[in-house]
Amino acid sequence: MNSQSNQRGQWASNIGFILAAAGSAVGLGNIWKFPYLAGANGGGAFVVLYLLMIVVIGFVIMLGEMAIGRKTQLSAVGAYKKLNEKWAFAGIIGVIVGFCILSFYSVIGGWVLNYIGKYVTGGIVGSEAGAYFGSFISSTTAPIVWHFIFMAMCCIIVLKGVSGGIEKASKVMMPALFILLIGVVIRSVTLDGAMEGIKFFLKPDFSKVTISTVMAAMGQAFFSLSLGMGAIITYGSYLGKEENLEKNALIIPAIDTGVAMLAGLAVLPAVFAFGFEPTAGPSLMFITLPSVFDAMPFGQFFGILFFVLILFAALTSAISLLEVVVSFVIDIFKIERKKATIGLATIIFLVGIPCSLANGPMSDFLIMGYNFFDFMSFLAENVLMPLAALSMCIFIGYVWGVDNAIEEITSGGRYKFVFKKFFILMIRYVAPVLIFFIWLNAIGVLPAIAKVFGIQL
Ligand code: PFF
C-alpha cells in the first residue's frame, strides 16, 4: 500500500469490496422501486427489459467506472482530472448527483426507521395503512427527526473509514439482508393465491411494452447499479491493482439483480394473494405491504423482518453516496475524514429538511412543477445521472481511450478480458446512444417530439 492509499484507505479484501459495492447497488431501488415499477409496467415484460439493460449497459458502465477509479486511486472528480484536466466536470456531475440523491434517500431511510419502530411496538392496521403513511410523511417534525437518525447512522459508519467502517458494516448487513429476504420470499410464495403474483412477475406479456417501459427499465438499471454518480469510481479507487475488475463487474450486477428478483418475489405474490393491486406505485411498500402483513398470520413478525432488511439495504447504499461526497472533499481539499464527514452529513441533512417538508407544509412550493422532494429526484436521476454516464462512455471510448481502459481492466495484461470486444462495442457505440435517448426522454424532449408527431410513447 503506498502512502497515498494509506491516507485514503483501501479495502482489506476483495470480498469486502464486492460486499460494499453490492451494498451500494442493493438498496431502496431494489426492494422498494423495482417491485413497484414491475407492478406498474406490466410485470414480466418489464423484468425481461430490465435484465436486458443490466447485461447491455450495466456491466459495461460498471466496469468502466471501476477502471477509472482503480487507475487513478482517486474519487470521481480527482480521477477524471488526473486523466484529463478538461473532464473534471464529469466527476463533478457525479458528486452533485450523489449529494442530491442522498438528501431525499435519507428522508425515505427515516420513513423505514419509523416503520420498524411502529412494527416493533405493534404494527399497522391494514385499513389504516394509507392514512397512517399520509399523515406521517406530511407531518412537520417526526419525519425530520427520523431523517436525522438515519443520516447520523450513515455518518458514524463513514467516519470509521473504508475498511473499518464501510467494509465491516457491509460484511454484516449484506449477508443478514439476504437471509431476511429469503425468509420473506418463502412466506410470500407459500401464501394461498401467491401463484397469480408469481405468474404476473415472471411471465412476460410484451403487448404491455411501450417506449416508456423501455425507458423506465433503463433508468432503473442505472439507479439500481449505482451508476453515473461516482460511487463505483470511488469504491474502485480503494481497490488493489491485483484484483480482477472484469470478474467484479460481473458479480456485483449479478448480486444486485438477484436481490431485485427476490424482492419482486417477496412483494408481488403477497400483494396478489391478498387481492391488492400491484399498480399502487411508490406507496406499494408503505401502504399496500402493511395491509398485506396485517392480513397475514405472524404479520407483525414479517413486518419487522421486512423493514429491517430494507433498512440494511438503504444504509449500505446511503453510505456509498456519502462516501462519494466525502472522498471528493478529502481528495480535493485535503481535509481530514472526520471533519469532511460530519460537515457534509450536516449539510445533506439540512438539504433533506425541505425534501421532507415537501410532502406536507411545503407541498405548494414548486420548482418547474415539482415539489422539492420530486425536484431533487428529477434533477439527480433524470437530468444529471444519465449525463454523467454518457460523459463516462465518451471519455473512455474516445478521450482516455479503450486501450488504456483495457490495460487497467486486465491489470496490465495479467488477466484475460473475456468480454473485451463486447465492452468496446458497447462503450463506444451502443451505450452512449441508448443513454442519450434515456436522457432525451427523461428531460421531456422525446415525449414533446412524440406529441408533435402524434406518436404514443
Ligand atoms: N443503488 C441504490 C439503490 O438501488 O437503492 C441507490 C444508489 C446508491 C444510487 C448509491 C447511487 C449510488 F451512488
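Caption draft 1: Representation of the overall build of the protein in the model. The number of helices and strands found in the protein is 20 helices and two strands. For 457 residues, the compact-globule estimate of 2.2 N^0.38 gives 23 Å, and the C-alpha radius of gyration of the protein, at 21 Å, lies within 12% of that figure. Referenced to the eigenvectors of the C-alpha coordinate spread, the extents of the protein come out at roughly 60 × 50 × 45 Å. Classification of the 457 residues of the protein by burial places 61% in the buried group. Contacts in the protein between residues at least 24 apart in sequence constitute 82% of all its contacts with a sequence separation of at least 6. Just so you have it, the protein exposes about 17200 Å², and 67% of that area is on carbon and sulfur atoms.

Caption draft 2: Highlighting the site of the ligand. The local shell around the ligand holds 15 residues, among which Ala25, Gly29, Tyr105, Phe223 and Met229 are the closest. In this structure, Ala25 approaches the ligand through a main-chain N or O atom, which is 2.9 Å from a nitrogen atom. Between Gly29 and the ligand, the recorded distance is 2.7 Å, taken from a backbone N or O atom to an oxygen atom. With the chains in place, 100% of the 330 Å² that the ligand exposes on its own is no longer accessible. Mapped by element, the contributors of at least two residues to the shell around the ligand are helix H2 (14-25), helix H3 (28-40), helix H11 (211-224) and helix H15 (299-333). When the residues that make up the shell around the ligand are grouped by side-chain class, the tally is seven nonpolar, eight polar and no charged.

Caption draft 3: Inspection of unusual backbone geometry at higher detail. Even without glycine at this site, Gln73 takes up a positive phi of about 55°. Its identity is not glycine, yet Phe298 carries a phi of approximately 55°, on the positive side. Take Phe298: it is sitting in the loop between helix H14 (288-295) and H15. Accessibility expressed as a relative area gives 66% for Phe298, which makes it exposed.

Caption draft 4: Local environment of the layout of surface pockets. The computed volume of the largest pocket comes to approximately 860 Å³. Broken down by secondary-structure element, the contributors of at least two residues to the lining of the largest pocket are H3, helix H6 (88-120), helix H7 (129-137), H11, strand S2 (370-371), helix H17 (372-399) and helix H19 (420-442). The leading source of residues in the lining of the largest pocket is H17, at eight residues. Among the residues forming the lining of the largest pocket, the class breakdown is 24 nonpolar, nine polar and three charged.

Parameters at a glance
Residues numbered from 1 in each chain as written. Predicted model: local features only at pLDDT ≥ 70, side-chain atom pairs only at ≥ 80, totals over all residues. Heavy atoms only, no water. Helix = DSSP H or I, 4+ residues; strand = E, 2+ residues; numbered from the N terminus. Rg over C-alpha atoms; globule rule 2.2 N^0.38 Å. Buried < 20%, exposed > 50% of the residue type's maximum accessible area, 1.4 Å probe, protein only. Contact = heavy atoms within 4.5 Å. Areas by Shrake-Rupley, 256 points an atom, 1.4 Å probe, with all protein chains shown as cover. Near = heavy atom within 4 Å. Polar contact = N/O pair within 3.5 Å; in protein donor to acceptor, adjacent residues only side chain to side chain. Nonpolar A, V, L, I, M, F, W, Y, C, P; charged D, E, K, R; others polar. 1 Å grid on protein atoms, 1.4 Å probe; cavity = no way out; pocket = protein on both sides within 12 Å on 5 of 7 lines; lining within 4 Å. Points joined across faces, edges and corners; volume = space filled by probe spheres on them.

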